[in-house]
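What follows is each chain in one-letter form.
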Amino acid sequence: MKPTVGIVGGGILGMTAAYRLAQAGVAVSLYERAPDLGGLVGSFDFDGRQVDRFYHVILPDDHRVVGLAEELGSATASGSARRRSASTTTVVSSP
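In what follows, the accompanying structure is described. Here the structure is a predicted model, which is why all the values come from computation and not from measurement.

**A closer look at the overall build of the protein chain**
Of regular secondary structure, the protein chain possesses two helices and four strands. The N-to-C order of helical and strand elements in the protein chain reads β-α-β-β-β-α. Relative to its 95 residues, the protein chain shows a buried fraction of 19%. A total of about 7,300 Å² of accessible surface is found on the protein chain, and carbon and sulfur atoms cover 59% of it.

Shown next, in the form of structure tokens:
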């Protein structure tokens, strides 16, 4: 029988856990109460401009975060993150 896992929270930790479990062949259900994913990593509209929900810094020595960003195609060769459009949604589904 294939294992099934439910994850509560669609922030960076919940999404990364779901992604890694799905890579390992686990059926994953991700539950988020907000209308969009990202948790504190998300953004919101402020007078017609997208504003970060919380201040975040990714340092070059943070190899796990930089490595994940590179794996997902969200980082440049130097390791710096690229900003993605707020209208872009990436969905990871289990196999």
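**Topic: a nonpolar patch on the surface**
On the surface, Ile-12, Leu-13 and Val-41 cluster together into a nonpolar patch covering about 310 Å² of accessible area. Summarising the element assignment, Leu-13 is placed in helix α1 (residues 12–23). Using a relative accessible area of 70% as the deciding quantity, one classes Leu-13 as exposed.

**Considerations on the pattern of salt bridges**
Enumeration over the complete set of coordinates arrives at two salt bridges. Residue Arg-20 is joined to Glu-71 by a salt bridge in which the shortest nitrogen-to-oxygen separation is 2.9 Å. You can see Arg-20 sitting in helix α1 and its partner Glu-71 sitting in helix α2 (residues 63–71), a full 51 residues away along the chain. Residues Arg-53 and Asp-36 are paired through a salt bridge, measuring 3.6 Å at the closest nitrogen-oxygen approach. One end of the pair, Arg-53, is in the loop between β4 (49–52) and α2; the other, Asp-36, is in the loop between β2 (27–31) and β3 (43–46), and 17 residues separate them in sequence. For Arg-53, a relative accessible area of 33% corresponds to the partly exposed category. By relative accessible area, Asp-36 is classed as partly exposed at 34%.

**Regarding the pairing of β3**
In terms of strand pairing, β3 meets β4 through four bridges, oriented antiparallel. When the sheet's bridge partners are listed, Ser-43 is paired in β4 with Asp-52. Following β3, the chain reverses through two residues before pairing antiparallel with β4; Asp-47 in that reversal takes a positive phi of roughly 55 degrees.

**Comments concerning unusual backbone geometry**
Positive phi is not limited to glycine here, since Asp-47 has a value of about 55 degrees. Inspection of the secondary structure assignment puts Asp-47 in the loop between β3 and β4.

Scoring rules and cut-offs
- Residues numbered from 1 in each chain as written.
- Predicted model: local features only at pLDDT ≥ 70, side-chain atom pairs only at ≥ 80, totals over all residues.
- Heavy atoms only, no water.
- Helix = DSSP H or I, 4+ residues; strand = E, 2+ residues; numbered from the N terminus.
- Buried < 20%, exposed > 50% of the residue type's maximum accessible area, 1.4 Å probe, protein only.
- Areas by Shrake-Rupley, 256 points an atom, 1.4 Å probe, with all protein chains shown as cover.
- Patch = residues over 30% accessible without salt bridge, like charges linked within 9 Å, V, L, I, M, F, W, Y side chains within 5 Å.
- Salt bridge = Lys/Arg side-chain N within 4 Å of Asp/Glu carboxyl O.
- Pairing = 2+ DSSP bridges.

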